[in-house]
Amino acid sequence: MPEIKVLFVTSEIAPLIKTGGLADVSGALPAALRNLNIDVRVLVPGYPQVMKQMGPSEVVATFSDLPGFPASRLIFSIMKSGVPLLVLDCPDLYQREGGPYMDPATGHDWADNHLRFGLLSKIASVLGSFESTLSWRPDLVHGNDWQTGLTGVYLSVAAGAVPNIMTIHNLAFQGNFRPKKVGLLHLPPESFHINGIELYGNMSFLKAGLYYAYHITTVSPNYAREIQGEELGFGLQGLLRSRNNDITGILNGIDTGEWDPETDRHLPEHFSVGRMAGKAQNKQALQSRMGLEVNPDVPLLAVVSRLTHQKGLDLLLEIVPRLLELPVQLVILGSGESSMQQTARDLAQEYPGKIAAMIGFDEGLSHQIEAGADMFIMPSRFEPCGLNQFYSQRYGTPPIVHNTGGLADSVVDCNQDTLRDGTASGFVFSGMTTDNLFAAIQRAVELYRDERKWKALRRNCMSKDFTWETSARAYRRVYLKVLGRTE
Ligand code: ADP
């Protein structure tokens, strides 16, 4: 008998559909929870990418008369990881080419996102209440980010509703819509209230999620504190402060099967902490693939990221001429704001052999970069958790990070003391200025020149434990608390 049954609701899940870290978490955390005897099943929209890749499947429920929503059905399948999947098939809302949130033709959000993710939330509430026709009934619904935010509202008026928790992966994305959508989504009218789903005159999916959830988690302890302040609270700090006792920060883990330099299928050569020759070969292969001068001695800096204001890469792009004098090489993989994409492309053109930029999303290349680079740069203005700093530590590529959110929780700044006690694992800078970023990179490059110390730093990085197990145990404690059960 499983100890707890959980419906995990998400708008993306690796490897089926991914735009960012939420997909990685959704792909790995449920499997780790299942190892703890928790029966987790994942509810995800039936985008074409999911429908095509989901494997053998069976229709287990149909929903033809939910007020306000087109007909939909639920398809059961099982992920390669063994995690059961409930795919929400609604051709009117999900069967279209493009990303989960954005229309590629216009570059804007899908005009019916309120319905796309309203339905996801609605079905989550159906499955978590007496309305469900499935024999499998969860004890608890675990939603993620704004796309699942209405679940708690619908549950609040459903018969036989189970409790729900909400995980914030990024408070900046809120799913705010005009108030008239409240009626279209058949939400209880009284919920449109400051003590409810209203945020400065709009309806906010995320606020709804945070207001109605029994418990809130976020993806690092530091971010759990930061979002209760003015600077990073994005207008929700008051609500979050009032719920201070119901918020838990749980640092993400990583999928150590997917991200393992000893077995990674994307790498030309494998390596491990005791066998580092392969890393040098990865560097050579990366330099050559990206059109950089093949040179083992020049430090190769790397970025794999969404190119947005949040990620702070504008600072890095600004100091490129100074950096090249150190000297270093720089490889950038990313996509996002068009002006930043263009600057990256322009720099690559201006400094051939020294800077390479690949605009787009490329999973394989992201692994090759983690393996082939010497240092990884993450100057995020804010970062709920961040994943690349874990990957880069595991691949012996010390990260250079801003002192914020999960970056601060997972990277130990390198100095004499931390090198001596074996905890140093990267370079942390405080204060978002180009000079501070430059100074951190300079420190890293200096250490790189000291072969013995650099090896020690890499060894520390690669020896750290980033498995999901510890985080999964923390989620289990939250589930038990919400269910009023003791360990
Ligand atoms: P966020 O979710 O804010 O984008 P995270 O660091 O939590 O940031 O997770 C980002 C994930 O997406 C990582 O797995 C990262 O490697 C991946 N990623 C980001 N941009 C790209 C890209 N252009 N190509 C391949 N993978 C990418």
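Everything here concerns the structure above.
Residues numbered from 1 in each chain as written. Predicted model: local features only at pLDDT ≥ 70, side-chain atom pairs only at ≥ 80, totals over all residues. Heavy atoms only, no water.

Caption draft 1: Representation of the overall build of the chain within the structure. Scanning the chain for helices and strands turns up 20 helices and 20 strands. Relative to the 2.2 N^0.38 estimate, which gives 23 Å for 487 residues, the radius of gyration of the chain is 23 Å and therefore close to what a compact globule would have. Projected onto its principal axes, the C-alpha coordinates of the chain cover approximately 65 × 45 × 45 Å. The burial tally for the chain puts 59% of its 487 residues in the buried class. Carbon and sulfur atoms provide 50% of the accessible area of the chain, an area that totals close to 19,400 Å². A gap of 3 Å separates the mean positions of the 44 positive and 51 negative side-chain charges of the chain. (Helix = DSSP H or I, 4+ residues; strand = E, 2+ residues; numbered from the N terminus. Rg over C-alpha atoms; globule rule 2.2 N^0.38 Å. Buried < 20%, exposed > 50% of the residue type's maximum accessible area, 1.4 Å probe, protein only. Areas by Shrake-Rupley, 256 points an atom, 1.4 Å probe, with all protein chains shown as cover. Lys, Arg positive; Asp, Glu negative; His and termini not counted. Charge placed at Lys NZ, Arg CZ, Asp CG, Glu CD.)

Caption draft 2: Main features of the site of the ligand. Taken together, 18 residues sit near the ligand, with Gly-21, Asp-24, Arg-306, Lys-311 and Gly-360 positioned nearest. Take Lys-18: an N or O atom from its side chain is 3.0 Å from an oxygen atom of the ligand. Taken by itself the ligand offers 560 Å² of open surface, and the protein chains cover 93% of this. Per-element accounting of the shell around the ligand gives the leading share, three residues, to strand 15 (residues 300-307). Taken together, the residues of the shell around the ligand sort by class into five nonpolar, eight polar and five charged. Composition of the shell around the ligand by domain shows at least three residues from each of domain 1 (4-253 + 468-482) and domain 2 (277-462). (Near = heavy atom within 4 Å. Polar contact = N/O pair within 3.5 Å; in protein donor to acceptor, adjacent residues only side chain to side chain. Nonpolar A, V, L, I, M, F, W, Y, C, P; charged D, E, K, R; others polar. Domains from an automatic or database assignment.)

Caption draft 3: Representation of the pairing of strand 1 (residues 4-9). Of all six residues in strand 1, five are buried; the element is thus mostly enclosed. Bridge count between strand 1 and strand 2 (residues 38-45): six bridges; the pairing is parallel. Note that in strand 2 the partner of Phe-8 across the bridge is Val-42. In this view, the connection linking strand 1 to its parallel neighbour strand 2 by way of helix 1 (residues 21-34) has right-handed handedness. In this structure, strand 1 lies alongside strand 8 (residues 140-144), joined through four bridges in parallel fashion. Residue pairing for strand 8: Phe-8 is matched across the bridge by His-142. (Pairing = 2+ DSSP bridges. Right-handed = clockwise from strand over helix to strand, strands pointing away.)

Caption draft 4: Local environment of the sheet that holds strand 16 (residues 329-336). In spatial order, the strands read 17-16-15-18-19-20; together these six strands make up an open sheet with parallel pairing. Two strands bound the open sheet, and with one partner strand each, they are strand 17 (355-359) and strand 20 (427-429). Between one strand and the next, the sheet's axes are offset by a mean angle of 20 degrees, whatever the strand orientation. Sheet analysis places strand 15 next to strand 18 (residues 375-378), joined by two bridges and oriented parallel. Within strand 18, the position partnered with Leu-301 by the bridge is Met-375. (Axes fitted to C-alpha atoms, helices over the stretch in contact; angles between N-to-C directions.)

Caption draft 5: Structural detail: the packing of helix 1 against helix 20 (residues 469-482). Running from N to C, helix 1 and helix 20 cross one another at 70 degrees; their axes reach a closest spacing of 9 Å. Taken as axis vectors, helix 1 and helix 20 run roughly perpendicular relative to one another. For the pair formed by helix 1 and helix 20, the contact residues are Leu-29, Ala-32 and Leu-33 on the first element and Ala-472, Tyr-475, Arg-476 and Tyr-479 on the second. Considered class by class, the residues forming the contact of helix 1 with helix 20 number six nonpolar, no polar and one charged. (Parallel < 35°, antiparallel > 145°, perpendicular 65-115°, else oblique. Contact = heavy atoms within 4.5 Å.)

Caption draft 6: View of the packing of aromatic side chains. Taken as a whole and assessed by the stated rule, the structure comprises 14 aromatic pairs. Relative to Trp-454, the ring of Phe-427 has its centre 6.5 Å away and its plane inclined at 15 degrees; by these criteria the two rings are stacked. Highlighted residues: Phe-427 in strand 20 and Trp-454 in helix 19 (residues 451-463), separated in sequence by 27 residues. The exposure class assigned to Phe-427 is buried, which follows from its relative accessible area of 2%. Trp-454 sits in the buried class, given a relative accessible area of 4%. Ring centres 5.3 Å apart and planes at 75 degrees place the aromatic pair Tyr-448 and Trp-454 in the edge-to-face group. Trp-454 carries the same exposure label as Tyr-448, and that label is buried. (Phe/Tyr/Trp six-rings, centres within 6.5 Å; stacked < 30°, edge-to-face > 60°.)

Caption draft 7: Geometry of the sheet that holds strand 12 (residues 202-204). Reading across the sheet, the three strands line up as 10-12-11 and stay open at both edges, with antiparallel pairing between neighbours. Single-partner strands in this sheet number two, and they are strand 10 (176-177) and strand 11 (198-199). Pairing of strand 10 with strand 12, which is carried by two bridges, proceeds in the antiparallel orientation. Opposite Asn-176, over in strand 12, you have Ser-204 as the bridge partner. With respect to the sheet, helix 7 (residues 205-212) is in contact with strand 10, strand 11 and strand 12, its orientation differing from that of strand 12 by roughly 55 degrees.

Caption draft 8: Up close: the pattern of salt bridges. Counted according to the given criterion, the structure contains 21 salt bridges. Between Glu-451 and Lys-455 there is a salt bridge, and its shortest N-O distance comes to 3.5 Å. Here Glu-451 and its partner Lys-455 are both found in helix 19, four residues apart, which amounts to about one turn of the helix. The class of Lys-455 is partly exposed, set by a relative accessible area of 43%. Connected through salt bridges with shared partners, the residues Lys-18, Asp-24 and Glu-363 form a single ionic network. (Salt bridge = Lys/Arg side-chain N within 4 Å of Asp/Glu carboxyl O.)

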